[in-house]
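Single-letter residue listing:
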Amino acid sequence: MEGIYNMRGESQVEMAFLILLTAAYFSDFDANSELLGEAAGCSPVIVRRIYKKLKDADLLDTKPGRYGLHLTRKPEEITYLEVIEAVRPLDSSTLFGVAAPLSGTTPVSHELFAALNADLGIAIDKTKEALGKKTLRDLATEIHVYSDKPREEQSKLIRSYMVEAEKRYADQP
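Draft legend 1. Summary view of the packing of helix α2 (residues 33-40) against helix α3 (residues 44-56). Running from N to C, α2 and α3 point in directions that differ by 110 degrees, and their axes come no closer than 8 Å. By the angle class used here, α2 and α3 are roughly perpendicular. Helix-helix and strand crossings are classified by hand; for α2 and α3 the assignment is right-handed. Across the interface between the two elements, S33, E34, L36 and G37 from α2 touch P44, V47, R48 and Y51 from α3. In terms of residue class, the contact of α2 with α3 is built from 4 nonpolar, 2 polar and 2 charged.

Draft legend 2. The arrangement of the pattern of salt bridges in detail. If you walk through the whole model with that rule in mind, you get 6 salt bridges. Between R48 and E34 there is a salt bridge, and its shortest N-O distance comes to 3.4 Å. Taken together, the positions of R48 in helix α3 and E34 in helix α2 put the pair 14 residues apart, joining distant regions of the chain. Here R48 falls in the partly exposed class, since its relative accessible area comes to 39%. Judged by relative accessible area, E34 falls into the partly exposed class, the value being 29%. The salt bridge partner of E142 is K134, with a shortest N-O separation of 2.4 Å. A relative accessible area of 27% places K134 in the partly exposed class.

What counts as what
Residues numbered from 1 in each chain as written. Predicted model: local features only at pLDDT ≥ 70, side-chain atom pairs only at ≥ 80, totals over all residues. Heavy atoms only, no water. Axes fitted to C-alpha atoms, helices over the stretch in contact; angles between N-to-C directions. Helix = DSSP H or I, 4+ residues; strand = E, 2+ residues; numbered from the N terminus. Parallel < 35°, antiparallel > 145°, perpendicular 65-115°, else oblique. Left-handed = near helix turned anticlockwise from the far one by under 90°. Contact = heavy atoms within 4.5 Å. Nonpolar A, V, L, I, M, F, W, Y, C, P; charged D, E, K, R; others polar. Salt bridge = Lys/Arg side-chain N within 4 Å of Asp/Glu carboxyl O. Buried < 20%, exposed > 50% of the residue type's maximum accessible area, 1.4 Å probe, protein only.

Take a look at the structure:
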């Protein structure tokens, strides 16, 4: 079952970016796993699992209680590549489903894996190179949810939504 209790790897990557953006730009809110889970439509348990992955990758600093979320570095120093690889490796298995040689008996089945892996490896290297150039700060400036409004007004709107979500969470048993 997809949805609130089982999040695909791609969705975990998106959730990781949401967590890091929240830590970078809304650290004054109590953005705990329940609140972020509600915002993303997933279980708080999944959010905490992603917290752990980001913490293990030295991207996020979080502690139990009211400590909040904090980046370990500035947003302009955290690359897309670091975030994505914290959640799932970028290899031919995760990107293309090529995990192991076929078990067939023909020479083609034995050589296919090696040939595919070489070509796919080149594509992965180029992908990693591109992702290593984009930062969390770049992503923050590319979000156009409120692009028709001045930056200060955008920030106020987003903060008001965060305050409302925080109130809804506080009212829950």
